[in-house]
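These are the residues of each chain, in order.
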Amino acid sequence: MVRPTEEEVNVLCKAFGVHPLTREDITTQERREKVELFRHYYFVAFRSFENDKSKKDEYLEPLPVYAVVFRNGLLTFSHKSNPHASNVLKRIGKLRDHMQISADWICYALIDDIVDCFMPVIREIEDEVDHIEDNVFIARYEDARSILTSIGECRKKVMSLLRLLGGKFDVIKSFAKRCNENYAMAPTSDVGLYLSDIQDHILTMRDNLSHSEQLLSRIHTNFLAQINVDTAENST
């Protein structure tokens, strides 16, 4: 369901026996990422982000996606349009003849697609950092405002993505751990293997973003020092 009304969520949750706490998280658009086990389903709250650059005020804003996973199917909810469900359906179409598709696997594929959408943006940021670094070496005094603006905007994007990735590793770790425990509704252990691969991707992306932040911090400091030197030379 995309952009469901509160009434629509209530009707579906009642029909499928979903706990009121889960229903409340969906209707109030709970932003904390988590995995919760209930008697006959488990609930996953995971955050994507607005990936449309034309929406300048909303770009990189959190976009919560919820999944209620039963043994034989799942319900997904999102309060904004996103490509993740359609991407998973395409993936199922390619793989259904080669493997057994379960509700647990579909939930994993949804999480995997959300995590994968971070990588192109992180690569763009790395290219932007390289571009800024090159410009700093040839910048003139009158270029200071535009250079500092570019550094500030890039650091803002880096911090937004770091916040979005911040809780994902712990959520996936908890999710994978429960695959090996004797909960009636815990995902199968096979899914745990896939989840460990997602953990590796999250760690790699966090490391790349941290490196970009360190580079931007160094570029910022060096550029300010360069401006001070130029100002001192011009005043003598």
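See the structure above.
Residues numbered from 1 in each chain as written. Predicted model: local features only at pLDDT ≥ 70, side-chain atom pairs only at ≥ 80, totals over all residues. Heavy atoms only, no water.

Undergrad: Lay out the packing of helix H1 (residues 6–15) against helix H2 (residues 20–27) in plain terms, naming residues and giving numbers.
TA: Where H1 meets H2, the axes come as close as 10 Å, and the angle between the chain directions of the two elements is 155°. Of the possible angle classes, the one that applies to H1 and H2 is roughly antiparallel. For the pair H1 and H2, the crossing hand works out as right-handed. Judged by residue contacts, Glu6, Val9, Asn10 and Cys13 of H1 engage Arg23, Ile26 and Thr27 from H2. Among the residues forming the contact of H1 with H2, the class breakdown is three nonpolar, two polar and two charged. (Axes fitted to C-alpha atoms, helices over the stretch in contact; angles between N-to-C directions. Helix = DSSP H or I, 4+ residues; strand = E, 2+ residues; numbered from the N terminus. Parallel < 35°, antiparallel > 145°, perpendicular 65-115°, else oblique. Left-handed = near helix turned anticlockwise from the far one by under 90°. Contact = heavy atoms within 4.5 Å. Nonpolar A, V, L, I, M, F, W, Y, C, P; charged D, E, K, R; others polar.)

Undergrad: Now, about the packing of aromatic side chains: what can you tell me, with residues and values included?
TA: Within this structure, the stated rule accounts for seven aromatic pairs. Through successive ring pairs, a cluster of aromatic residues spans Phe16, Phe38, Tyr41 and Phe70. Directly above the aromatic system of Phe46 lies the positively charged group of Lys168, at a separation of 4.8 Å from the ring centroid. (Phe/Tyr/Trp six-rings, centres within 6.5 Å; stacked < 30°, edge-to-face > 60°. Lys NZ or Arg CZ within 6 Å of the ring centre and 35° of its normal.)

Undergrad: Can you lay out the packing of helix H5 (residues 118–138) against helix H6 (residues 144–166) for me, pointing to particular residues and giving the numbers?
TA: Two elements in contact, H5 and H6, have axes separated by 11 Å at closest approach and are oriented at 155°. As judged from the angle between their axes, H5 and H6 are roughly antiparallel. Remark: the crossing between H5 and H6 carries left-handed chirality. Touching Phe118, Val121, Ile122, Ile125, Glu128, Val129, Ile132, Asn135 and Val136 of H5 are Ile147, Ser150, Ile151, Cys154, Lys157, Val158, Leu161, Leu164 and Leu165, all from H6. Here the residues of the contact of H5 with H6 sort into 14 nonpolar, two polar and two charged.

Undergrad: Give a detailed account of the pattern of salt bridges, specifying residues and quantitative values.
TA: Pairing is possible between side chains of opposite charge, provided their charged atoms come close. Evaluated as defined, the whole model comprises 11 salt bridges. The shortest N-O distance in the salt bridge between Glu124 and Lys53 comes to 2.6 Å. With Glu124 in helix H5 and Lys53 in the loop between strand S2 (42–49) and strand S3 (62–69), this residue pair connects regions lying 71 residues apart in the sequence. Overall, Lys53 belongs to the partly exposed group, its relative accessible area being 47%. Across the salt bridge formed by Arg218 and Glu133, the nearest N and O atoms sit 2.6 Å from each other. Of this pair, Arg218 sits in helix H8 (residues 189–235) while Glu133 sits in helix H5; the two residues are 85 residues apart in sequence, bridging distant segments of the chain. Residue classification places Glu133 among the buried positions, given a relative accessible area of 19%. (Salt bridge = Lys/Arg side-chain N within 4 Å of Asp/Glu carboxyl O. Buried < 20%, exposed > 50% of the residue type's maximum accessible area, 1.4 Å probe, protein only.)

Any link to function would need more than the numbers given here.
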